[in-house]
Amino acid sequence: MYYNYRTHCSHPQHVLVRCQYSNNSVHACNLCDAGFRGLIGLRCKACDFDIHEACADYFQPATNSFAHPWHGLALGRVADDDRACDLCAEECPRGSFVYRCVPCGFDVHPLCTMFPAKVKSPLHPDHELAMVPAGSAAAVAMAPAVVGQNYCLCSGCGEAFGGWFYRCGTCGVGLHVECLNGARIKPRAGGGGQSAGAGSSQGNGGGGGGGGRLKPSRSSLVGKFLLRAAVRVAVDAATNGLASAVLGGGGGGGGDCDDT
């Protein structure tokens, strides 16, 4: 039996109405920032607040992350400007939700907590890749011959890493999240591109609040690539299938939402 109302820690001031969003809904989830596209969601019309039902089930008041094992992370809204996610390195706008360790100033988008610690990639099928921060000892070990140049390049697209990335500890191959399935590979003329397995260190404090790393939209990094073929199995295993429900389509039951 479907319920029509429920509460969630992200919006404790009002009860949320459970409803079915249309396929052309213009709403975006306040927790993961992804669209609805016919999904079931929870809405507070008075506050224009919307979250996926799957997000309400998965994102709780506190969580833990392999990327910050020393302390737990608490869900809350960003109160100031110039904050960025320590995993994907993209901005956390004022008023958006993050999981944060207050003593350490460590911030992670709710959606980025779905990144698995290890994945497989068709670009490097022989070994698992582990997520590491740019500038860490693991990243430095990728290419000690060019450490002094103080940058770290993706083995797929040849561009610098801005936050955490996936690395093979055996071969030194490093890949952006969005390059795991080859999405950003492009021809590089004149031999100037970075070959597979090369790279070096970017000294940004392990993906922390380094300057010049804010980007205009995290959805381009996370929403479009997180669940593609190269990482979907690993992500679904890590989240008991909830990741597909959050960013996928389908669903039924509940009342209709007013998308106007």
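Calculation criteria
- Residues numbered from 1 in each chain as written.
- Predicted model: local features only at pLDDT ≥ 70, side-chain atom pairs only at ≥ 80, totals over all residues.
- Heavy atoms only, no water.
- Helix = DSSP H or I, 4+ residues; strand = E, 2+ residues; numbered from the N terminus.
- Contact = heavy atoms within 4.5 Å.
- Phe/Tyr/Trp six-rings, centres within 6.5 Å; stacked < 30°, edge-to-face > 60°.
- Salt bridge = Lys/Arg side-chain N within 4 Å of Asp/Glu carboxyl O.
- Buried < 20%, exposed > 50% of the residue type's maximum accessible area, 1.4 Å probe, protein only.
- Patch = residues over 30% accessible without salt bridge, like charges linked within 9 Å, V, L, I, M, F, W, Y side chains within 5 Å.
- Areas by Shrake-Rupley, 256 points an atom, 1.4 Å probe, with all protein chains shown as cover.
- Pairing = 2+ DSSP bridges.

## Looking at the side chain of R6
Mapped onto the elements of the fold, R6 is located in strand β1 (residues 5-6). Once you skip the residues sitting within four places of it in the chain, R6 turns out to touch V15, L16, L42, E53, A56 and D57.

## A closer look at the packing of aromatic side chains
Applying the stated criterion across every chain yields a total of six aromatic pairs. Taking the centre distance of 3.9 Å and the plane angle of 15 degrees together, the rings of Y21 and F36 count as stacked. Of the two residues, Y21 is situated in the loop between β2 (16-20) and β3 (40-44) and F36 in the loop between β2 and β3; the sequence distance between them amounts to 15 residues. Judged by centre distance (6.3 Å) and plane angle (75 degrees), the ring pair of F49 and F97 falls under edge-to-face. Taken as a pair, F49 in strand β4 (residues 49-52) and F97 in strand β7 (residues 97-101) lie far apart in primary sequence, 48 residues in all.

## Describing the pattern of salt bridges
In total, this model carries seven salt bridges according to the counting rule given. Here D57 ties to R6 by a salt bridge, and the two come within 2.9 Å at their closest N and O atoms. Separated by 51 residues along the polypeptide, D57 in helix α1 (residues 53-58) and R6 in strand β1 bring together distant segments of the chain. A relative accessible area of 18% means that R6 is categorised as buried. Ionic pairing is found between R18 and E53, a salt bridge with its closest N-O pair at 2.5 Å. Placement of the pair is R18 in strand β2 and E53 in helix α1, with a sequence separation of 35 residues.

## Some words on a nonpolar patch on the surface
A cluster of nonpolar residues, Y5, V15 and V17, forms a patch on the protein surface that exposes about 300 Å² of accessible area. Mapped onto the secondary structure, V15 falls in the loop between β1 and β2. Accessibility expressed as a relative area gives 47% for V15, which makes it partly exposed.

## As for the sheet that holds strand β8 (residues 106-108)
The four strands are arranged β5-β6-β7-β8 in an open sheet whose pairing can be described as antiparallel. Among the strands making up the open sheet, the edge pair consists of β5 (62-63) and β8. Of the pairings in the sheet, the one linking β5 to strand β6 (residues 73-77) comprises two bridges and is antiparallel in character. The partner of T63 across the bridge, within β6, is L73.

## Focus on the sheet that holds strand β9 (residues 118-121)
An order of β9-β10-β11-β12 is seen for the four strands of this open sheet, with the pairing classed as antiparallel. Looking along the sheet, the strands with just one partner apiece sit at the ends: β9 and β12 (174-175). As paired elements, strand β10 (residues 124-133) and strand β11 (residues 164-167) share four bridges and run antiparallel to each other. Across the sheet, V132 pairs through a bridge with F165, a residue of β11.

## Focus on the pairing of β9
Walk down a regular strand and you will see the side chains alternate between the two sheet faces. By the alternation rule, side chains of β9 split into V119 and S121, which are all buried, and K118 and K120, of which none is buried. Two strands pair when backbone bridges link them, and β9 and β10 are joined in this way by three bridges, in the antiparallel orientation. Residue pairing across strands places V119 opposite L129, the latter belonging to β10. What sits between β9 and β10 in their antiparallel hairpin is a turn of two residues.

## Comments concerning unusual backbone geometry
With phi around 70 degrees, D33 is a residue other than glycine that occupies positive phi space. Tracing the backbone shows D33 in the loop between β2 and β3. With a phi angle near 50 degrees, D48 is a residue other than glycine that sits in the positive phi range. By the secondary structure assignment, D48 is in the loop between β3 and β4. With relative accessibility at 46%, the residue D48 sits in the partly exposed group.

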